Amino acid sequence: MQGNKKIIDILNELLAGELTAVDQYLIHGEMYADMGLPHLAEKSLHESEHERLHARALIQRILFLEGTPNLAKRAGLNVGANVPDMLKADLNLEYKVAGDLKKAMAACETAQDYVSRDMLGVQLEDTEMDHAYYLEKQIKLIGLVGLQNYQQSQMKPGQPS
C-alpha cells in the first residue's frame, strides 16, 4: 500500500529513536551486570528487547507503506557513569520518545493514517506507563532510601557485588 511520504519519514525518525533506546538500554544493562546489580541489569536488558520490538513494528509498518526503513540512523547515546546517571539518561530518552510519539500521532491523524496512529498509541502507552514510570520510581527510591541502600536492593541475596 502506497503510504504518505511524510508519515514514512516520521516513522523512520521514530525508528532511529527506538534503535537508540535499544542500544542505550543494552549498554546500561551490561554495565549494571558488571557492577553486580542483577535486578537492574535484567530490567534494562528486558527494556532493550522491548524497544527492539517497537523498532520491529515500525519497520513492518514502513515496509507496508512501501517505504524503506533506515536502520543506520541513531541519535547519540547518553551513557551514564553511575546508577543515578544511567537511570536519568534512560528516563530522558523515554521522555523524548514520548514527545516524538505524540507529535507523530498528530501527524498521522492529520494524514488520516489511523492504523499508524493506533500502533504509535500502543508504543506511547508502553513508553509512559511502563518504561518512564519504572525509571521515575527508581529515581524516587534513591531519594528515599539513599543510593547505597538502593543499590544493595538491586543485588540478589548471597551474591557479592
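On a predicted model such as this, the values are computed, not experimentally measured, just so you know.

Rules used in this analysis
Residues numbered from 1 in each chain as written. Predicted model: local features only at pLDDT ≥ 70, side-chain atom pairs only at ≥ 80, totals over all residues. Heavy atoms only, no water. Helix = DSSP H or I, 4+ residues; strand = E, 2+ residues; numbered from the N terminus. Expected span 1.5 Å × (residues − 1). Bend = angle between axes of the 7 residues up to and from the residue. Buried < 20%, exposed > 50% of the residue type's maximum accessible area, 1.4 Å probe, protein only. Contact = heavy atoms within 4.5 Å. Patch = residues over 30% accessible without salt bridge, like charges linked within 9 Å, V, L, I, M, F, W, Y side chains within 5 Å. Areas by Shrake-Rupley, 256 points an atom, 1.4 Å probe, with all protein chains shown as cover. Salt bridge = Lys/Arg side-chain N within 4 Å of Asp/Glu carboxyl O.

S.K.: Quick one: what's the story with helix α4 (residues 114–145), residue by residue and with numbers?
M.R.: Helical geometry: 3.6 residues make up each α-helical turn, so side chains three or four residues apart lie on a common side. Compared with the 46 Å implied by 1.5 Å per residue over 32 residues, the 45 Å span of α4 between its first and last C-alpha is a close match. The largest bend along α4 measures about 35° and falls at Ala-132. Among the residues of α4, those classed as buried are Ser-116, Met-119, Leu-120, Gln-123, Leu-124, Thr-127, His-131, Ala-132, Tyr-134, Leu-135, Gln-138 and Ile-142. Where α4 is buried, its residues touch α1 (5–35), α2 (38–64), α3 (83–110) and α5 (147–153). In the stretch just after α4, Gly-146 is the one whose phi turns positive, near 90°.

S.K.: Describe a nonpolar patch on the surface, with residues and values.
M.R.: Taken together, Ile-27, Leu-77 and Val-79 make up a surface patch of nonpolar side chains, about 220 Å² in accessible area. Structurally, Val-79 is set in the loop between α2 and α3. The class of Val-79 is partly exposed, set by a relative accessible area of 41%.

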